[in-house]
Amino acid sequence: MLSALRRAIIQQTRGFATNNIAVDGFTGAVGNTPLIYLKTLSEQTGSKIYGKAEFQNPGGSIKDRAAVGIVLDAEEKGRIKPGGTVVEGTAGNTGIGLAHVCRARGYKCVIFMPNTQSQEKIDLLSMLGAEVHPVPAVPYENPLNYNHQAKEYAEKLENAIWTDQFDNTANTYAHYISTGPEIWEQTKGDIDGFVCSTGTGGTLAGVGKYLKQKNPKTQIWLADPPGSVLYKYISSGGKLVERGGSSITEGIGQGRVTNNLGTFVNDLSGALHISDEKSISMVYQLLDSEGLYLGASSALNVVAAVELAQKLGKGSKVVTVLCDGAYRYQSRLFSKKWLESKGLGDAIPEYLRKYAVLD
C-alpha cells in the first residue's frame, strides 16, 4: 500500500512533462523532467548517452526533489506544523529548493552554508526570503561544520525541523519513487548504466535501487570530483581515507558515507574519478555542441557518462542527471581571471575559449 507521502509526491508530480494538466503549485511542478539525448557525445562514443534535465525543475535543480520529499515526510510524521521553521545545512541547491517549498507551504526557512559557495546562490536564497548564515567551511568532524550548526539552531526553536538532507533517507525515497521510475519509463527499460556524482547520496541511492530492482543487470556507478573520498572508498573495497584537496564543483563529493548513500553503497558497480580539467572542458563542450548551459557538477556527470559508455562498449545506453544550469556559477565558470586562478585556462580547448566572456 502506498504511503501518504508517496501518494502525495506521485499525485503532485506525475504528468507534469507529458500530460496537458494543471499541477498543484510549486511542489506539483517538481519532477517529470525531460530525458535529453546528447547527440554529439553519443555519436562520438557509438553509444546512446542521455541526461535527465533536472535544471528544468521549478527551483532550477535536482535538489527540488529532495526538498519536497523531506518536507512532505516531516508533515506526514507530524514533525512540523503550519507556521513552523525549516532549517538546513546546505551548499546551496537544497537550500534554494527548501526556500521555494517553504514559501509555497507557509514555513520560515533558515539556511547555514559554507562561505565558499557562489555569491549567486547566497543572493538567491536571500531573495527567496530565507535567513542565510554563511559559516567557515570546515570538515564534518568539526563541531562548527555548517550541518552541526544548523542542527543546533533548529533544536533551540519551537515547531522547527532540521531537515538533515545528508542522513535523512526521505531524500533517497523521493528519488526512488520519482526520479528512478521516470528514467525507467523514459528509456522504456532499455538502459545499461546510470552514473552520477553524489553529495548527500540521495539521487544515486534512490535511482540506483529502483533501476536495480527493475533489472539487476543495470550497472550503477558513482562519479567523484577531486577532494572527495568516495572513489577511493569504493575502489578499495571500503577503506575510508582522510579527505584532502578541493574541486571547482559545488555541492558534490564527500568525506564520509552518508546514511543516504549507505542504503546502496554496497550495490554499486564501481566508481569513476573525474578531474576538474575534464569537468570544465565539458561545461564548454556542452554549451557549444548541445546548446546546454550547465554547471560544473552536471558537466562532471556527463564526463562520467561518456567514460561509463566507453567501458560498457558501443551500443550501450547510459543515463546521468543534469543537476542544474550555469546561471548560479557564471561569474566563475565563464571568467577568464577565475579560470586562470584555478589553473584551468588551458583545460578549455582553444576553439571554445570564446565563451569565457567575463574578465
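For the structure, see preceding data.
(A) Highlighting the pattern of salt bridges. One pass over the full model with this rule turns up 15 salt bridges. In this structure, Asp346 engages Arg353 in a salt bridge whose closest nitrogen and oxygen atoms are separated by 3.9 Å. Relative accessible area serves as the criterion here: at 68%, Asp346 is assigned to the exposed category. Ionic contacts of the salt-bridge type, sharing partners, join the residues Lys52, Glu54, Arg65 and Glu182 into one network.

(B) Structural detail: the sheet that holds strand 6 (residues 160–162). Read from one edge to the other, the open sheet built from four strands follows the order 5-4-3-6, with strand pairing classed as parallel. The open sheet has two edge strands, strand 5 (131–135) and strand 6, and neither has a second partner. Averaged over all pairs of adjacent strands, the angle between strand axes in this sheet comes to 15°, irrespective of strand direction.

(C) Representation of the packing of helix 4 (residues 63–76) against helix 5 (residues 93–105) in the model. Running from N to C, helix 4 and helix 5 cross one another at 50°; their axes reach a closest spacing of 8 Å. With respect to each other, helix 4 and helix 5 are oriented oblique. Viewed along their axes, helix 4 and helix 5 form a crossing whose handedness is right-handed. Contacts between helix 4 and helix 5 pair Lys63, Asp64, Ala67, Val68, Val71, Leu72 and Glu75 from the former with Asn93, Thr94, Gly97, Leu98, Val101 and Arg105 from the latter. Classifying every residue of the contact of helix 4 with helix 5 gives six nonpolar, three polar and four charged.

(D) Structural view of the environment of Ser281. Tracing the chain through its elements places Ser281 in helix 13 (residues 276–290). Between the C-alpha atoms of Ser281 and Gly129, which are 152 residues apart in sequence, the distance is 35 Å. Those residues within four positions of Ser281 in sequence are excluded, and the remaining contacts are Ala347, Pro349 and Leu352.

(E) The arrangement of the sheet that holds strand 8 (residues 219–224) in detail. With mixed pairing, six strands are arranged side by side in an open sheet as 1-2-10-7-8-9. For this open sheet the edge positions go to strand 1 (35–37) and strand 9 (270–273), each flanked by a neighbour on one side alone. In this sheet, adjacent strand axes meet at a mean angle of 30° when their direction is disregarded. As paired elements, strand 1 and strand 2 (residues 48–53) share three bridges and run antiparallel to each other. Each residue of the ladder has a partner; that of Ile36, found in strand 2, is Gly51.

Rules of the game
- Residues numbered from 1 in each chain as written.
- Predicted model: local features only at pLDDT ≥ 70, side-chain atom pairs only at ≥ 80, totals over all residues.
- Heavy atoms only, no water.
- Salt bridge = Lys/Arg side-chain N within 4 Å of Asp/Glu carboxyl O.
- Buried < 20%, exposed > 50% of the residue type's maximum accessible area, 1.4 Å probe, protein only.
- Pairing = 2+ DSSP bridges.
- Helix = DSSP H or I, 4+ residues; strand = E, 2+ residues; numbered from the N terminus.
- Axes fitted to C-alpha atoms, helices over the stretch in contact; angles between N-to-C directions.
- Parallel < 35°, antiparallel > 145°, perpendicular 65-115°, else oblique.
- Left-handed = near helix turned anticlockwise from the far one by under 90°.
- Contact = heavy atoms within 4.5 Å.
- Nonpolar A, V, L, I, M, F, W, Y, C, P; charged D, E, K, R; others polar.

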